[in-house]
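One letter stands for each residue in the lines below.
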Amino acid sequence: MALRVLRKLRFASWGVLLGGLLLCSCNQDPIFYSISLEVEPVDPRIVGMPTHIVALGDRFYVASKFSRTIQWYDAEGWHELPRPGGPIMELAATQSHIYALTGEPGSAGLYKWDGDGDWESIANAAHIQSIYGVEDRLFAGAMTGTSTFTMWYDNNGVLEALSGGSGFLTGAVYDGSAYYLGGTGIYKLEETTLTLVPETEGLTMAGLITLGDTVVGVSGKKLLSIKSGAVTQQDLGVTFTGAMAIWGKEPKPAEKTLLLLGMQGSSTSTTHGYREIPLSNGSLPDAVALSVPGRDPSNSSASDYDKYNSSLGKHPVLTLFQADDGVLFAGTTKNGLWSYRNEQWNAEP
């Protein structure tokens, strides 16, 4: 309550200041115009740093990291899900199950839930620190030594190790014929063996996504794509966080779809948020270029740059997801879960 009162006072003060300045001048400075577009921030439903946003059927699930409540969202709004024991470290989803990693590194528990009944425990999960679901497979990553990482998969309720991978697991995708995992480089899975895609050697991957039969990944400032075995790389000039999502639910035509990429400025920067890549019939264009949300409202996930820049644009984004009803959600590093509603980014209440 006190926080809300302080926020209201701050915005009231800005209103008085702006009113006085506008009376004193016929020309409105752009900085004050931008300030005038700010809306009062609301308290987020999902506070702090959210987990990955994951979907099962027509619902998606998310939690505040190290909280004890999982929330799910559908066309009727928000609901709470009975949870497994322990604070929640991360969530993942396959075609048939939601997975919850709980506890803390070194003494973690991993559970799966099929949408009905009780959570089932997965064995061998004590050292797991990251989980990703894709199609019918759940993959997990663990740090098993001071600088040793291993990758695992759920084999009918027991985690079993994969051979050949290196680095901390940061993503898993399926291109229609094979699974790919992100770590120190991108790895193609064959049976239970991971084979490094040579052109990605030494790259610390931050995230992976698929566009049809193309695997797309980010590492530092690089955007990578793998199609028919060929790898392309491009330095796009911003540091990517690994948040990746497709924007453009129906009735948007295919040429209006976008690839959204979370980004983070320097430690002293206030320029964060995400960037957009307009897709060509669902595929990366031949010449990839980043767009800032709202700069071109005719082909953007945001209708106004200044509104975007004065709100979500101030926060690093770690996860992005568009719900079936078209609402776009973003998980920030420390300011909770946000959503884009009524042409404005704000924390999801």
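Computed from a predicted structure; not experimentally measured.

Scoring rules and cut-offs
Along each chain, residue indices are assigned from 1 in the same order as the chain's sequence is written. Given that the model is predicted, a residue must reach a pLDDT of at least 70 before its local features are reported, and side-chain atom pairs must reach 80 or more before they are shown or counted; all residues, however, enter totals for whole chains, interfaces and linings. Side-chain metrics in this entry use all non-hydrogen atoms of the structure; hydrogen atoms and water are not considered. The way it works is that DSSP assigns letters per residue, a run of H or I at least four long becomes a helix, a run of E at least two long becomes a strand, and they are numbered from the N terminus. Each residue's exposure class comes from its accessible area (1.4 Å probe, protein chains only) as a fraction of the maximum for that residue type: buried when under 20%, exposed when over 50%, partly exposed otherwise. Any two residues having at least one pair of non-hydrogen atoms within 4.5 Å are treated as being in contact. Using a 1.4 Å probe, the Shrake-Rupley method yields the accessible areas, and only the shown protein chains count as cover for residues. Note on pairing: DSSP must find at least two bridges between two strands before they are called paired. Patch membership requires more than 30% relative accessible area and the absence of a salt bridge. Residues of like charge join within 9 Å; the nonpolar side chains Val, Leu, Ile, Met, Phe, Trp and Tyr join within 5 Å. A carboxyl oxygen of Asp or Glu within 4 Å of a side-chain nitrogen of Lys or Arg is what we treat as a salt bridge. For the charge count, each Lys or Arg is scored as positive and each Asp or Glu as negative, with His and the chain ends excluded. Charged groups are reduced to one reference atom each: NZ for lysine, CZ for arginine, CG for aspartic acid, CD for glutamic acid. Two N or O atoms count as a polar contact when they lie within 3.5 Å, although within protein this holds only if one can serve as hydrogen donor and the other as acceptor, and sequence-adjacent residues are included solely when both atoms are side-chain atoms. Every axis corresponds to a line fitted to the C-alpha atoms, with the helix fit spanning only the stretch in contact, and the corresponding angles, defined between N-to-C directions, vary from 0 to 180 degrees.

**Q** Tell me about the overall build of the chain, and name the residues and values.
**A** Per the secondary structure count, the chain includes three helices and 27 strands. Counting across all 349 residues of the chain, residues that qualify as buried make up 47%. Residue pairs at least 24 apart in sequence account for 44% of intrachain contacts in the chain once pairs closer than 6 positions are excluded. By element, 51% of the accessible surface of the chain is carried by carbon and sulfur atoms, the whole surface being about 16400 Å².

**Q** Before we move on, could you go through the pairing of strand β20 (residues 230-235) and cite the residues and values that matter?
**A** In the sheet, strand β19 (residues 222-227) pairs with β20 via six bridges, with the strands oriented antiparallel. In the strand pairing of β20, L224 is matched with Q233. From the end of β19 to the start of β20, which pair antiparallel, there are two residues, and S228 there has a positive phi angle of about 55 degrees.

**Q** Go over a negative patch on the surface, please, and point to the residues and values.
**A** Where like charges cluster on the molecular surface, the negative patch consists of D114, D116, D118 and E120. As for its position among the elements, D114 is in the loop between β7 (109-113) and β8 (120-122). Overall, the relative accessible area of 42% leaves D114 in the partly exposed class.

**Q** Explain the side chain of S219 residue by residue, including any values.
**A** Its place among the elements puts S219 in strand β18 (residues 214-219). Overall, S219 belongs to the buried group, its relative accessible area being 7%. Of the polar contacts made by the side chain of S219, one reaches the backbone oxygen of T204; its length is 2.7 Å. Leaving out residues up to four positions away in the same chain, S219 has contacts with L203, T204, M205, A206 and L224.

**Q** An account of the sheet that holds strand β25 (residues 328-332) is needed here, citing residue identities and associated values.
**A** With antiparallel pairing, the four strands of this open sheet are ordered in space as β24-β25-β26-β27. Of all the strands in the sheet, the pair left with one neighbour each is β24 (317-322) and β27 (344-347). For this sheet, the mean angle separating the axes of adjacent strands, direction not counted, is 25 degrees. Note: strand β26 (residues 337-341) against β27, four bridges, orientation antiparallel. Looking across to β27, one finds that W338 is bridged to A347.

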